[in-house]
Amino acid sequence: MSNSSLVNHVRRSPNYSGRNGKRIDRITIHHMAGNLSVESCGNVFAPSSRQASSNYGIDSAGRIGLYVDEGNRSWCSSSRANDERAVTIEVADNKIGNGWGSSVEAMSKLVLLCVDICRRNGIHRLIYTGNTNGNLTLHKWFASTDCPGAYLESQMPKIAEEVNKLLSSGEKAYVWGVGEKKEEVTCVNATVQGNSGEDCMRLELKDAGDGYFYVRDKVHGLYLDVSGAASKDGTNVQFYKGNKTDAQKWKLIWKNFKNAKYLMLSPKCAPGKYLSVENNGVGGKNNLKLWSDLNNSKQKFFVREETDGYTLLIHAFTFKCVSAKE
Ligand SMILES: [Zn+2]
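The rules behind these values
Residues numbered from 1 in each chain as written. Predicted model: local features only at pLDDT ≥ 70, side-chain atom pairs only at ≥ 80, totals over all residues. Heavy atoms only, no water. Helix = DSSP H or I, 4+ residues; strand = E, 2+ residues; numbered from the N terminus. Rg over C-alpha atoms; globule rule 2.2 N^0.38 Å. Buried < 20%, exposed > 50% of the residue type's maximum accessible area, 1.4 Å probe, protein only. Contact = heavy atoms within 4.5 Å. Areas by Shrake-Rupley, 256 points an atom, 1.4 Å probe, with all protein chains shown as cover. Donors = N, O, S within 2.8 Å, 3.2 Å for Na, K, Ca; no water. Disulfide = S-S within 2.5 Å. Pairing = 2+ DSSP bridges. Core = buried A, V, L, I, M, F, W, Y, C linked by side-chain atoms within 4.5 Å.

**Student:** Is there a simple way to explain the overall build of the protein in this structure?
**Tutor:** When you go through the protein residue by residue, the secondary structure sums to 4 helices and 21 strands. Computed over C-alpha atoms, the radius of gyration of the protein comes to 26 Å, more than 25% over the 20 Å expected from 2.2 N^0.38 for 326 residues, which places it beyond the range of a compact globule. Burial statistics for the protein: of 326 residues in total, 48% are counted as buried. Taking all contacts inside the protein whose residues are at least 6 apart in sequence as the whole, residues at least 24 apart take part in 63%. Within the structure as shown, the protein displays about 15400 Å² of accessible surface, and the carbon and sulfur contribution to it stands at 48%.

Shown next, in the form of structure tokens:
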């Protein structure tokens, strides 16, 4: 059994067993939970006291380390049955925690290494099913761990797709994410969400010049917009591409209560209706809706200016933020 010719660094780990006669028919992608070079990763697997290893590692520069020959079982996925049949790959994180992330260089090399492993081991297609029925498996299915982390896990279908494209085209060069067309988003539902600090909650209040304001979200650049028959209670409010209609113009009505200042928002297309939150922002869906004046805090918002110039509109009843997010 051969190893990949893509390897840049070899540091054999003492932590391995034989494959017990099993054929390689799967790949397991892990993350390092750190931004280690292939040398540092090799150092981690070097002491026998560590009792852990992988076949390969890929660092953020896109270099590949070999730690356990493909002919042997690495001690990587907390499952003897999986590792007897898998080639295991540790991928560096260039973003630590909070969803994690891996560099374009690492992702590109990961795809190329998977293609190479498939070719040499007679794996015709890499199939990710989200469970152990496929031949692209995850550590978290065998042990209480979040490995490979949210980012890599979310990319598994794409990794399999890209590997399969290269397997059938025979193409040797590959760069992750090149040539992808981002689909233009023109409409996103408007909700209130717990304050996570995400950009979907950052809003720009733009003076429309006629006594009204546009409310534009930072992520998509879409405008707070009243859909359909605006005059009815319960009409949905969304973020929609800018069209300068009265459905996107909001009167900012300031209310004082003791020392606090609140905002009510009323659309130009439906005077007497106010921005309101489905289920009062408490249980279930918290879509933004229009409603007649309820004269209570459920239609009022605090305004918080953020240091980057954007504004949070914070629902006075629940403290959730107006968001361009389902
Ligand atoms: Zn793992």
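**Student:** What exactly am I supposed to notice about the coordination of the zinc ion here?
**Tutor:** When a metal holds four donors in a tetrahedron, each ideal angle between them is 109.5 degrees; when it holds six in an octahedron, the ideal angles are 90 or 180 degrees. At the metal site, the zinc ion is ligated by His30 (ND1), His139 (ND1) and Cys147 (SG), and these contacts range over 2.1 to 2.3 Å. In the primary structure, the donors to the zinc ion are separated according to the pattern H-x108-H-x7-C. By relative accessible area, Cys147 is classed as buried at 7%.

**Student:** Can you help me understand the state of the cysteines in this one?
**Tutor:** When the sulfur atoms of two cysteines share a covalent bond, that bond is a disulfide. By the definition in use, this model includes 0 disulfides. Its sulfur unpaired, Cys114 is 6.5 Å from the next cysteine sulfur, which belongs to Cys118. Looking at the unpaired Cys187, the closest cysteine sulfur is the one in Cys269, lying at 15 Å.

**Student:** Please clarify how the pairing of strand E3 (residues 26-31) should be interpreted in this entry.
**Tutor:** Residues in a regular strand point their side chains to alternate faces of the sheet. The buried fraction of E3 amounts to 6 of the 6 residues, a majority that puts the element mostly inside the structure. Every second residue of E3 is oriented toward a common face, with Arg26, Thr28 and His30 on one face and Ile27, Ile29 and His31 on the other, all of them buried. Note: E3 against strand E7 (residues 86-91), 6 bridges, orientation parallel. Bridging from a neighbouring strand, His30 pairs with Glu90 of E7. Bridging between E3 and strand E8 (residues 136-137) involves 2 bridges; their strand directions are parallel.

**Student:** Explain the nonpolar core to me, please; I cannot follow it from the model alone.
**Tutor:** Nonpolar side chains tend to gather and get buried jointly when the protein is soluble and globular. If you look at the biggest cluster of nonpolar residues, it comprises 33 residues, and the most contacted ones within it are Ile27, Ile29, Ile89, Leu110 and Val163. Of all the secondary structure elements, the ones that give two or more residues to this core are E3, strand E4 (56-58), strand E5 (64-66), E7, helix H3 (104-121) and helix H4 (149-169). Counting 24 residues, the second largest nonpolar core, distinct from the first, contains Val215, Leu224, Leu265 and Val322.

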